[in-house]
Amino acid sequence: MNPESPVEWIYRPLRECGQWLSGGTPSKSNENYWGGEIPWISAKSMHDFFVHDSKEHVTEEGSKNGTRLVPRDTILFVVRGMSLAQEFRIGITQRPVTFNQDLKAIIPTKDILPMFLAYVLKSNIPKVMALVDEASHGTRRLTTDAISQLYVPIPSLSEQERIISTIRVFDDKIELNRQMNATLEEMARALFKSWFVDFDPVRRNQAGQPSQPYDHLFPGRLVVGENGRELPEGWQIKPLDEIASYQNGLALQKYPPEGEEYLPVIKIRELRQGFVDDNSNQASPHITESCVLYDGDVVFSWSGSLLVDLWCGGKGALNQHLFKVTSEHYPKWFYYYWTEHHLDEFQRIAAGKATTMGHIQRKHLSSAETAVPPTDLLLDTMTQIMEPIVEQMITNRIESRTLADLRDTLLPRLMSGQLRVPVHNISSG
């Protein structure tokens, strides 16, 4: 309990704040349980505070056999798995979902607003992380007995609403940016695939079909290239590592911080979560410039969890196992989407290395083909369309990072009562 808390606030152990539920996994061998419309949430799905969906879904029958279906506004958090070594993943469901055995769920009592309790837990992440221990087989765990004894503040419902309305301003804008970026990303991917993978403008020109904007910039027919694949006339096939430079990061443990000067180290963990935090390692700020990352840089992790992204987490030092992708001759969107286009194949190659940590080698970059138009006019025109989309995505993500920092600064003060929200600030929403 916080001695600075308002006297009218009560404190209650988390075990008394709602109904606690455990999840599970329906039989993977029963096809009737999988492939439905109901999200099945695991630790891998828990990347956003607002839990919308998952890659895996169960059927109605599956939701009643081996797992548990919970309603919207249920609080989910991870209680087992290696992610607990570095972070506490918590979220609140935005639709009915099922969840697995590595998560716990809480449906709050009537005197606690679900969103308020979720924010309370989010504000107590350092305390929760201190409760994580190691199971006998080496994985990390957060026992129900330990976390359920955590005391949380319970203000009046009206004050809970005021606190939520203050914090939601930040989270609503972050969510709006996320949705906007999802739309922009879908548009950009569709354009790239149509122009450079499916060659739709060339096929329309060749078939004499009605022209669409920019079709006149493309050739009038497809030809068969040396590799036996169709290619727009006059275009070239180039290896991925000829259109871009893939700069590997450094073994940054050899470059320790110098006094109070340092750069946060960007590893796969930071790339996956999109930002650095207090658990990120630190390195000397005087490393080679080619291994310093800035907002908007393209980063590709080639080992472990293979993924490619536009880094928007601030200046940092590039760790080994990550490539910083640049080009002197081609625009960023061009090599970003070509790298992403080959990601599924790279992940398949990495998954095939059963005896070592999954990874690719430079030869795989050389064998990955790209279709490259011959004229600057075509690429310049495409850049006028694609570049604003990509830059807007970067701007939105940087803004979201700033808003998240402000929210996380305010949250502990609001939840401890050190900062009170005036009554007239209550939101009607």
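A quick note: this is a predicted structure, and the numbers were derived from the prediction, not measured.

Visitor: Break down the overall build of the protein for me, citing the residues and quoting the values.
Guide: Scanning the protein for helices and strands turns up twelve helices and 25 strands. Principal-axis analysis of the C-alpha atoms places the extent of the protein at approximately 75 × 60 × 55 Å. Out of the 429 residues belonging to the protein, those deemed buried represent 49%. Split by element, the accessible area of the protein, about 21400 Å² in all, is 50% carbon and sulfur.

Visitor: Explain the nonpolar core to me, using residue names and the numbers behind them.
Guide: If you look at the biggest cluster of nonpolar residues, it comprises 48 residues, and the most contacted ones within it are Phe 196, Ile 243, Phe 300, Trp 333, Phe 334, Tyr 337 and Phe 346. Among the elements that make up this core, the one with the highest residue count is helix H12 (residues 376-416) (eight residues). If near-sequence neighbours (up to four positions away) are discounted, Phe 300 is found in contact with Tyr 246, Leu 307, Val 308, His 321, Leu 322, Phe 323, Val 325, Thr 339, Leu 343, Phe 346, Ile 360 and Leu 365. Grouped together as the second largest cluster of nonpolar side chains are 47 residues, Leu 21, Phe 88, Val 128 and Val 421 included.

Visitor: How would you summarise the sheet that holds strand E22 (residues 307-310) if you had to cite specific residues and measurements?
Guide: Taken in spatial order, the four strands make up an open sheet running E17-E24-E21-E22, and their pairing is antiparallel. Every other strand in the sheet has two partners, leaving strand E17 (245-248) and E22 as the edge strands with one partner each. Strand-to-strand twist of the sheet, defined as the mean angle between neighbouring strand axes without regard to direction, takes the value 25°. In this structure, strand E21 (residues 298-301) lies alongside E22, joined through four bridges in antiparallel fashion. Counted as the bridge partner of Ser 301 is Leu 307 from E22.

Visitor: With reference to specific residues and values, describe the pairing of strand E7 (residues 75-78).
Guide: Covered by surrounding structure in E7 are Ile 75 and Phe 77 together with Leu 76 and Val 78, the residues of both alternating faces. Taken together, the three bridges between E7 and strand E8 (residues 90-93) define a ladder with antiparallel strand orientation. Bridged to Ile 75 within E8 is Ile 92. In this structure, E7 lies alongside strand E10 (residues 103-108), joined through four bridges in antiparallel fashion. Counted as the bridge partner of Phe 77 is Lys 104 from E10.

Visitor: Break down the packing of helix H5 (residues 157-197) against helix H9 (residues 332-341) for me, citing the residues and quoting the values.
Guide: Relative to each other, H5 and H9 sit at 85°, their axes nearing to 11 Å. With respect to their mutual orientation, H5 and H9 come out roughly perpendicular. The segment H5 lies against H9, with Glu 185, Ala 188, Arg 189, Phe 192, Phe 196 and Val 197 engaging Trp 333, Phe 334, Tyr 336, Tyr 337, Trp 338, Glu 340 and His 341. Of the residues assigned to the contact of H5 with H9, the class counts are nine nonpolar, one polar and three charged.

Visitor: Account for the packing of aromatic side chains, naming residues and giving values.
Guide: Per the stated rule, a full pass over the model turns up 23 aromatic pairs. Ring plane angle 80° and centroid distance 5.7 Å describe the contact between Tyr 246 and Phe 323, whose orientation is recorded as edge-to-face. Residue Tyr 246 is found in strand E17, and its partner Phe 323 is found in strand E24 (residues 322-326); the two are separated by 77 residues along the sequence. On the basis of relative accessibility, which here comes to 5%, the residue Phe 323 falls in the buried class. An aromatic cluster is built from Phe 192, Trp 195, Phe 196, Phe 199, Phe 218, Trp 235, Tyr 330, Trp 333, Phe 334, Tyr 336, Tyr 337 and Trp 338, whose rings are joined through pairwise contacts.

Visitor: An account of the sheet that holds strand E4 (residues 50-51) is needed here, citing residue identities and associated values.
Guide: If you walk across this open sheet you meet the five strands as E2-E10-E7-E8-E4, and the pairing is mixed. Among the strands making up the open sheet, the edge pair consists of strand E2 (18-22) and E4. Each of E4, E7, E8 and E10 is contacted by helix H2 (residues 114-123), which is oriented at about 170° to E8, the strand it contacts most.

What counts and what doesn't
Residues numbered from 1 in each chain as written. Predicted model: local features only at pLDDT ≥ 70, side-chain atom pairs only at ≥ 80, totals over all residues. Heavy atoms only, no water. Helix = DSSP H or I, 4+ residues; strand = E, 2+ residues; numbered from the N terminus. Buried < 20%, exposed > 50% of the residue type's maximum accessible area, 1.4 Å probe, protein only. Areas by Shrake-Rupley, 256 points an atom, 1.4 Å probe, with all protein chains shown as cover. Core = buried A, V, L, I, M, F, W, Y, C linked by side-chain atoms within 4.5 Å. Contact = heavy atoms within 4.5 Å. Pairing = 2+ DSSP bridges. Axes fitted to C-alpha atoms, helices over the stretch in contact; angles between N-to-C directions. Parallel < 35°, antiparallel > 145°, perpendicular 65-115°, else oblique. Nonpolar A, V, L, I, M, F, W, Y, C, P; charged D, E, K, R; others polar. Phe/Tyr/Trp six-rings, centres within 6.5 Å; stacked < 30°, edge-to-face > 60°.

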